[in-house]
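Structural characterization, general
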Amino acid sequence: MRIAMTYTRLRTEERLLLDAFENIGVDVTPVDIRGVVFDPMDQGEWSQYDAVIDRSLSLTNTLNSVRILEGYGIRCINPLSAILTCSDKLATTIALSNADVSTPRVRVATNAKSGLQAVEQLGYPAVIKPTVGSWGRLVARMNDQDAAEAILEHRETLGSASQNVFYIQEHIDKPGRDIRVFVVGGQPIAAIARSSDHWVTNTARGATAQGIELTDELRDLSIRAVMATGADIAAVDLLECPIQGLLVNELNHSMEFRNSIETTGVNIAEHVARHAAEIAEIHAQTRTQSPAAQLVHEAISS
Amino acid sequence: MNIRGFSLSIVNFYNRLTGNHTQRNHIMTQATVTAACPECDASVGFNRAPLNGEIANCTDCSSELEVVNTAPITLELAPEVEEDWGE
């Protein structure tokens, strides 16, 4: 059984994963995706792999490479469908809503004028986010009409086409922190709270992480959120709303975890590596079967 | 798999993909390897052979650097965050 790990930047997480694969005796090959020329009609060297774990920092590279690799019949971790759902906040909102997973209210508009109506439907303050993006980039809180008009006009005038999707979310008055639950193979393995004086609580924006207990409610919500997206591995971000209780805010298909191993005492990299190896093993046994038969086999094995 | 075998499989795979055979067996021959920081020319050390795309920080000038070649190890300033980067 062989696994490849695609990446664009070898960060601490990718090094930890390589070490974890090696520690559990799994043959893994790191592949800098930027140096690869794919032939979508011929898998060539890729035929040796039973699974590919994607760790590309660039969503564009992830989507294209995983699309091609799945076209070869290679099992990707995460699957393309899950990446498409997790990487787009609108797609995530729809998936969570369809699965009856509690999530903040959202409105979507196509220009600044309807965007202002959307904000006023939710009430002030409201939050505007790009549908694709991480680390709190370009997330803005609109406290009143003046701020909303200014931000919406700037987005419409200066933003790229992708920023002209006006994804507006109700503001949740969280207690200075949000919660992240790491889910691997459908099982929550660890949780952290990310605290900050700023209303944006991404660790990339300076929030500090601390391990917290995985309560039954956190487990239940996280499992259902991940099931709604079909992800093998994901980090589920939750908000504690004083009125509505726990809400799932978003999911991350290529989670960062370097600061969460020590704080939780859980070797997240090893959990990921073991689960990837299990998937690869199952896929190695079923590669000659039809896609439908593979799905049945996976369902029976899981 | 031992570290040397692991690393050589990486190089072999890279060579097969790129047709580049000049880099073969050029890594993991010493415990610590260094390269020059492109910003301040200080020596940047790795406690094991880095891979392409690996990120390092220069302890002298604090630049974030990226390995762009492994034989010899060559560093460039790491690119700024791009619009579609994330987790």
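Residues numbered from 1 in each chain as written. Chains lettered and ligands numbered in written order. Predicted model: local features only at pLDDT ≥ 70, side-chain atom pairs only at ≥ 80, totals over all residues. Heavy atoms only, no water.

1. What about the pattern of salt bridges?
Filter applied, for reference: The rule for a salt bridge is simple: a side-chain nitrogen of Lys or Arg has to be within 4 Å of a carboxyl oxygen of Asp or Glu. Each residue gets one of three labels from its accessible area relative to the maximum for its type: buried under 20%, exposed over 50%, partly exposed in between, using a 1.4 Å probe on protein chains only. Each helix is a run of H or I in the DSSP string that is no shorter than four residues. Each strand is a run of E no shorter than two, and both are numbered from the N terminus.
Tallied over the full model, the rule gives 20 salt bridges over all chains. The residue arginine 11 of chain A makes a salt bridge to glutamate 14 of chain A at a minimum N-O spacing of 2.9 Å. For the pair formed by arginine 11 of chain A and glutamate 14 of chain A, the shared burial category is buried. A salt bridge links glutamate 240 of chain A to arginine 177 of chain A; its shortest N-O distance comes to 2.8 Å. With a gap of 63 residues between them, glutamate 240 of chain A in strand β12 (residues 233-241) and arginine 177 of chain A in strand β9 (residues 177-184) connect regions that are remote in the sequence. Taking the relative accessible area as the measure of exposure, arginine 177 of chain A reaches 25% and is therefore partly exposed. Taken together, the shared-partner salt bridges connect Asp178, Arg180, Arg194 and Asp237 of chain A together with Glu87 of chain B into one network.

2. With respect to the environment of valine 108 of chain A
All names here are of chain A. How we decide: By the convention used here, residues are in contact when the closest approach between their heavy atoms is within 4.5 Å.
Position of valine 108 among the secondary structure elements: in strand β5 (residues 106-109). Sequence spacing of valine 108 and threonine 131 is 23 residues, and the spatial spacing of their C-alpha atoms is 9.9 Å. Among all residues touching valine 108, those that are not within four sequence positions of it are Leu90, Val165, Phe166 and Tyr167.

3. Comments concerning the side chain of arginine 15 of chain A
Summarising the element assignment, arginine 15 of chain A is placed in helix α1 (residues 12-23). Ignoring anything within four residues of it in the chain, the contact list for arginine 15 of chain A reads Leu10 of chain A together with Arg48, Ala49, Pro50, Leu51 and Glu54 of chain B.

4. Section: the side chain of serine 222 of chain A
Residue and element names in this part refer to chain A. To keep things clear, this is the line we draw: Two N or O atoms count as a polar contact when they lie within 3.5 Å, although within protein this holds only if one can serve as hydrogen donor and the other as acceptor, and sequence-adjacent residues are included solely when both atoms are side-chain atoms.
Relative to the helices and strands, serine 222 is located in helix α7 (residues 216-229). Polar contacts involving the side chain of serine 222 include one to the main-chain carbonyl oxygen of leucine 218, which spans 2.7 Å. Not counting chain neighbours up to four residues away, the residues in contact with serine 222 comprise Val181, Val183, Val236 and Leu238.

5. Notes on the confidence of the model for chain B
All names here are of chain B. The cut-off we apply is this: Confidence of the predictor at the level of single residues is captured by pLDDT, which takes values from 0 to 100.
Per-residue confidence for chain B gives a mean pLDDT of 75; residues scoring 70 or more make up 64%. Taken element by element, chain B is modelled with least confidence in helix α1 (residues 3-18), mean pLDDT 45, and with most confidence in strand β5 (residues 73-77), mean pLDDT 96. This stretch, residues 1-9, has a pLDDT under 50; its non-local contacts, to residues over four places away or in other chains, come to 16 contacts. Confidence over residues 18-31 falls short of pLDDT 50; this stretch has 31 contacts with residues more than four positions distant or in other chains.

6. What to know about the packing of aromatic side chains
Two measures describe an aromatic ring pair: the distance that separates the ring centres and the angle between the ring planes. All names here are of chain A. Note the following rule: Ring pairs shown here join Phe, Tyr and Trp side chains whose ring centres sit within 6.5 Å, with only the six-membered ring taken for Trp; geometry is labelled stacked below 30 degrees between planes, edge-to-face above 60, and tilted in between.
Counted under the stated rule, the structure contains 2 aromatic pairs over all chains. Ring geometry for phenylalanine 38 against tryptophan 46: centres 5.6 Å apart, planes inclined by 20°, an arrangement best described as stacked. The pair formed by phenylalanine 38 and tryptophan 46 is uniform in burial state, with each residue classed as buried. These aromatic residues form a ring-pair network of at least three members: Phe38, Trp46 and Tyr49.

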